[in-house]
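Structural overview for review
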Amino acid sequence: MFHDVYKNKTVLITGHTGFKGSWLALWLRELGADVVGYSLDPPSQPNNFEATNLREKITDIRGDIRDLDRLLDTFTRYQPEFVFHLAAQPLVRFSYREPKMTFDANVGGTVNLLEAVRNTSSVKVLVNVTSDKCYADRDRVWGYRESDPLGGPDPYSASKGCAELVFNAYLKSYFSKGGGHDRPIGAASVRAGNVIGGGDWAVDRLVPDCIRSLSRHQPIFLRNPHSVRPWQHVLEALGGYLLLGACLSKNPEKYSGAWNFGPDDAGHLTVLALTDLLIKFWGEGVRVDISDPGSPHEAKLLRLNCDKAHAELSWHNVLPVDKCVRMTVQWYRNYYRQGQGRDLSALCIEQIRDYMNQAAGMHLDLDVEAILSGAVVYS
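Residues numbered from 1 in each chain as written. Predicted model: local features only at pLDDT ≥ 70, side-chain atom pairs only at ≥ 80, totals over all residues. Heavy atoms only, no water.

1. Some words on the overall build of the protein chain
Across its full length, the protein chain carries 14 helices and 12 strands. At 20 Å, the protein chain has a C-alpha radius of gyration in line with the 21 Å of a compact globule built from 379 residues. Dimensions along the principal axes, computed over C-alpha positions, put the protein chain at roughly 60 × 40 × 40 Å. Per-residue burial over the protein chain gives 59% buried out of 379 residues. (Helix = DSSP H or I, 4+ residues; strand = E, 2+ residues; numbered from the N terminus. Rg over C-alpha atoms; globule rule 2.2 N^0.38 Å. Buried < 20%, exposed > 50% of the residue type's maximum accessible area, 1.4 Å probe, protein only.)

2. A look at the sheet that holds strand S5 (residues 125–129)
Strand order in the open sheet made by the 7 strands is S3-S2-S1-S4-S5-S6-S10, with parallel pairing throughout. Each end of this open sheet is capped by a strand with a single partner; those strands are strand S3 (59–62) and strand S10 (257–261). In this sheet, neighbouring strand axes are inclined to one another by 20° on average, regardless of whether the strands run parallel or antiparallel. Strand direction decides the pairing type here: strand S1 (residues 10–14) and strand S4 (residues 82–85), joined by 4 bridges, are parallel. Residue pairing across strands places Thr 14 opposite His 85, the latter belonging to S4. Helix H3 (residues 68–78) contacts S1, strand S2 (34–39), S3 and S4 of the sheet and is inclined by roughly 160° relative to S3. Each of S1, S4 and S5 touches helix H5 (residues 99–118); the most contacted strand, S4, lies at about 175° to it. (Pairing = 2+ DSSP bridges. Axes fitted to C-alpha atoms, helices over the stretch in contact; angles between N-to-C directions. Contact = heavy atoms within 4.5 Å.)

3. Regarding the pattern of salt bridges
Applying the stated criterion across every chain, the model contains 18 salt bridges. Of the charged contacts, one joins Arg 62 and Asp 41 as a salt bridge, the two residues approaching to 2.5 Å between their closest N and O atoms. Separated by 21 residues along the polypeptide, Arg 62 in strand S3 and Asp 41 in the loop between S2 and helix H2 (48–51) bring together distant segments of the chain. Arg 62 gets classed as partly exposed once you look at its relative accessible area, which sits at 22%. (Salt bridge = Lys/Arg side-chain N within 4 Å of Asp/Glu carboxyl O.)

4. Here we look at the state of the cysteines
For the coordinates displayed, the defined rule picks out 0 disulfides. Not engaged in a disulfide, the cysteine Cys 134 finds its nearest cysteine sulfur in Cys 162; these two sulfurs lie 11 Å apart. Judged by relative accessible area, Cys 162 falls into the partly exposed class, the value being 31%. (Disulfide = S-S within 2.5 Å.)

5. Describing the sheet that holds strand S9 (residues 228–233)
Consider a sheet: its strands pair through backbone hydrogen bonds, and that pairing is either parallel or antiparallel. Pairing is mixed across the open sheet formed by 3 strands, whose spatial order is S7-S9-S11. Unpaired on one side and paired on the other, strand S7 (194–196) and strand S11 (268–270) mark the two borders of the sheet. With strand direction ignored, the average angle separating the axes of adjacent strands in the sheet is 50°. Where S7 lies against S9, 3 bridges are found, and the strand directions are parallel.

6. Brief notes about the pairing of S5
For a regular strand, side-chain orientation follows a simple rule: the groups alternate between the two sheet faces. Taking burial as the measure, the 5 residues of S5 include 5 buried ones, the bulk of the element. Bridging between S4 and S5 involves 4 bridges; their strand directions are parallel. Opposite Val 83, over in S5, you have Leu 126 as the bridge partner. As defined by bridge partners, S5 adjoins strand S6 (residues 186–192) across 5 bridges and the pair is classed as parallel. The partner of Val 127 across the bridge, within S6, is Ala 188.

7. Description of the packing of aromatic side chains
By the definition in use, this model includes 17 aromatic pairs. Relative to Tyr 144, the ring of Tyr 135 has its centre 5.3 Å away and its plane inclined at 5°; by these criteria the two rings are stacked. Taking the relative accessible area as the measure of exposure, Tyr 135 reaches 3% and is therefore buried. For Tyr 144, a relative accessible area of 2% gives the class buried. Consider the rings of Tyr 170 and Tyr 174, whose centres lie 5.2 Å apart with planes at 50°: the pair is tilted. Of the two residues, Tyr 170 and Tyr 174 are both situated in helix H6 (residues 155–175); the distance of 4 residues between them amounts to about one turn of the helix. (Phe/Tyr/Trp six-rings, centres within 6.5 Å; stacked < 30°, edge-to-face > 60°.)

8. Concerning helix H7 (residues 206–215)
H7 sits mainly inside the fold: 8 of its 10 residues count as buried. In this structure, the buried residues of H7 make contact with S7, strand S8 (220–222), S9, helix H10 (271–282) and helix H12 (321–338).

9. Looking at unusual backbone geometry
Of note, the amide linkage connecting Gln 45 to Pro 46 takes the cis form, showing an omega dihedral of -5°. Within the secondary structure, Pro 46 is located in the loop between S2 and H2. A positive phi angle, near 65°, is found at Asn 8, a position not held by glycine. When you line up the elements, Asn 8 lands in the segment before S1.

Coordinates in, geometry out; function isn't part of it.
Below, the structure is given as structure tokens:
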């Protein structure tokens, strides 16, 4: 998998205690990497970091992305070759309550991370994770391309647009050939759709909110039932990040820049449709529409155009949306059946391996050398 690009390499993940970060750490460990995590404490109780006993499996460092000195010390001590930056304030509604904290973490934190990369000679690859909400909200029916205008009306979206501008400035000024750096660094900024999967308990996020209600036999209250979002399993997005990171290590000039990783058309569902799938696979549950025209603004229609990733990385979604939801419900069912304190890392690894096997069966085996040579055939 990935031609052993990550095997025995030191990989630093910011935000490893979060939902996506913890899954990424488990997958990289499965690939043979030495994983170093830098993050605040887990953002919720319960959380995937503790549910998978990840502290015992990687180097776990607690630190704030806004603390440049501690971040620089961590880079200096561990000398990572690969960096995946996921640490962020990730919630739209929270950003309305705490705009300064959101900009400090998402913009200032990105500046700190880029400074750490710029000043650490060991780093060969940086994958900077932002969001599909970094694009200026046009509520249009076709998907946003990587070249579309950035920005947004809410503090979260605006902070992600700003972070993209900061990243691009560092890419052009320091990481590209001819920039201020003495060597090119493979650096990419990645924008994924709404990811779902086991182990997410964040507040104000659809699937965790639904699971909390279902596990307590309570109704599911939907704020924006008719909003359309690009839904995909967390492994789909992470597979794209890992593939891109591997390609960046081989050809930094070609693969640096911005990339979208979102589902195909079948994965663009309304909030209502996704909720109905969750109820179906859970086996019971009811939903209630509580939409309020006076609530804080959130985009009603959000699609990503992923032609670039399809054409240049041969990356495609592996899992149909109903399989994504089924895998997600399976994870939570296991968690609530076994209770807190049980190590669910084996279930995560089982799902990771199942995903890799399905990708290989579709000739989407994420073979880096084949992609670089143009020999990959997708079916």
